[in-house]
Amino acid sequence: MAEGAEEGQKLAELLAMGWQLWEELETGTAPSSGSADVQDKVRQGLDVLRRANSMVAQLDLFSENEDLEEIASADLKYLLLPALLGAMTLKQVDLSKRLEHLESARAHFWSFLKLCKSYGLGSFHLPPATSPPAEEGAESPPQRSPAAVQAKLVAMASSRQAKIERYKQKKELENRLASMKNSVDSGQADEEQMREFYILQTQKWISTSLEEIESVDQEIVILRSRGTVKQSSAPPHGTSRQVRPPMKPFILTRDAVQNKVFGAGYPSLPVMTVDDWYDQRRRQGVVSGQSTPQRAPGLTDEELQKQQQEKKEEEDDEEALQKARNRDDWKDTHPRGYGNRHNMG
């Protein structure tokens, strides 16, 4: 009997310490939630609340098979432990573990709501036990029928109305709790007042937990979607960009004639023609085969240009054909030397 009383006293102290740390964090004036002092309080709060929650499970204080009236008034406050654990978990700021913290906090909130639902504390719809998966095809949403769009709008309006009602109830509960807090903290409240106070606290945290789960689910979907995008954009395992060997210095010549000239004068450097260079780069995959210029051996630049122009005309290039036709027409009507007035006889 004495051991049970000692455990009960220790459990009450743990809850009181965790609750105090939570209130300090909520009303604190720290410039950043990531500061060392704030995160130190978060770690302390999580430690004492976890220990208290573990003791509640060991003592088997609550059961889904019993009614609310069967819970002792002094034990009602321990119903809040999972909700406080969820709220404290969200205070952590380690971005590398953000998804883990969100899922852990959601599990605590859901456990609290499930327990409250079994005891008939408040009328609310219990959210799904697990968070929603990442949305596939978020970039291009599927086309919905007008009826489906209308149903979604009605659901959104109903959800908005439920949020407004929940907000009003929460404010009313906070006002009632504020008027009772002094008497409960000072120990002047009787058992009936204490029971009412903690039931109101539980109902307020039901509203808070529903809001937090909705917010957590939205953030989880975003984080999972980002992870899916990063995974799909990453290269397959074991593959890497092909590394080309560095090019050795060489002398680039225009044709085979220059190749012989420069090759004789610079025996230390390899010599290749433009065609050879293109063939080498094409084999290395740097340029495509279509970009390789076709040059016959011994052709000069002027001859190559003329050859390309003729090829262009043969491919029915309208602009080149039109220019050629206009030039032929002009030659027909303007004989050689037309307009030359300097050598008039």
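Thresholds, definitions, all that
- Residues numbered from 1 in each chain as written.
- Predicted model: local features only at pLDDT ≥ 70, side-chain atom pairs only at ≥ 80, totals over all residues.
- Heavy atoms only, no water.
- Helix = DSSP H or I, 4+ residues; strand = E, 2+ residues; numbered from the N terminus.
- Buried < 20%, exposed > 50% of the residue type's maximum accessible area, 1.4 Å probe, protein only.
- Contact = heavy atoms within 4.5 Å.
- Areas by Shrake-Rupley, 256 points an atom, 1.4 Å probe, with all protein chains shown as cover.
- Phe/Tyr/Trp six-rings, centres within 6.5 Å; stacked < 30°, edge-to-face > 60°.
- Lys NZ or Arg CZ within 6 Å of the ring centre and 35° of its normal.
- 1 Å grid on protein atoms, 1.4 Å probe; cavity = no way out; pocket = protein on both sides within 12 Å on 5 of 7 lines; lining within 4 Å.
- Points joined across faces, edges and corners; volume = space filled by probe spheres on them.
- Nonpolar A, V, L, I, M, F, W, Y, C, P; charged D, E, K, R; others polar.
- Axes fitted to C-alpha atoms, helices over the stretch in contact; angles between N-to-C directions.
- Parallel < 35°, antiparallel > 145°, perpendicular 65-115°, else oblique.
- Left-handed = near helix turned anticlockwise from the far one by under 90°.

(A) Structural context of the overall build of the chain. Scanning the chain from terminus to terminus reveals ten helices and two strands. In sequence order, the secondary structure elements of the chain are arranged as α-α-α-α-α-α-β-α-β-α-α-α. In the chain, buried positions account for 27% of the 345 residues. Once local pairs closer than 6 in sequence are excluded, the contacts in the chain between residues at least 24 apart make up 63%. Taken as a whole, the chain presents about 24,300 Å² of accessible surface, with 51% of it coming from carbon and sulfur.

(B) Region of the structure containing the packing of aromatic side chains. Counted by the stated rule, this structure contains three aromatic pairs. An angle of 75 degrees between the planes, with centres 6.5 Å apart, marks the rings of Phe-62 and Tyr-119 as edge-to-face. Of this pair, Phe-62 sits in the loop between helix H2 (36-59) and helix H3 (81-89) while Tyr-119 sits in the loop between helix H4 (98-118) and helix H5 (146-185), and the two are 57 residues apart along the sequence. Taking 5.3 Å as the distance between ring centres and 80 degrees as the angle between the ring planes, the aromatic pair formed by Phe-197 and Tyr-198 counts as edge-to-face. Assigned by exposure class, Phe-197 and Tyr-198 land together as buried. The cationic tip of Lys-117 hangs over the ring face of Phe-124; the distance from NZ or CZ to the ring centre is 4.8 Å.

(C) Geometry of the layout of surface pockets. Put simply, the second largest pocket is a space of about 460 Å³. What lines the second largest pocket is a set of 19 residues, and nearest its centre among them are Trp-22, Glu-26, Glu-174, Lys-204 and Trp-205. Taken together, the elements giving at least two residues each to the lining of the second largest pocket come down to helix H1 (2-27), H5 and helix H6 (191-233). Ranked by residues supplied to the lining of the second largest pocket, first place goes to H6 with six residues. Grouping the constituent residues of the lining of the second largest pocket by class yields eight nonpolar, three polar and eight charged.

(D) Region of the structure containing the packing of H2 against H3. One way to put it is that H2 packs onto H3 with a least axis distance of 10 Å and a crossing angle of 155 degrees. Comparing their axes, H3 and H2 come out roughly antiparallel. Where H2 crosses over H3, the handedness of that crossing is left-handed. Contacts from Val-42, Gly-45, Leu-46, Leu-49, Arg-50, Ala-52, Asn-53 and Val-56 in H2 reach Leu-81, Pro-82, Leu-84, Leu-85, Met-88 and Thr-89 in H3. Taken together, the residues that form the contact of H2 with H3 break down as ten nonpolar, three polar and one charged.

(E) Layout of H3. H3 sits mainly inside the fold: nine of its nine residues count as buried. When we look at burial in H3, the residues that qualify are Leu-81, Pro-82, Ala-83, Leu-84, Leu-85, Gly-86, Ala-87, Met-88 and Thr-89.

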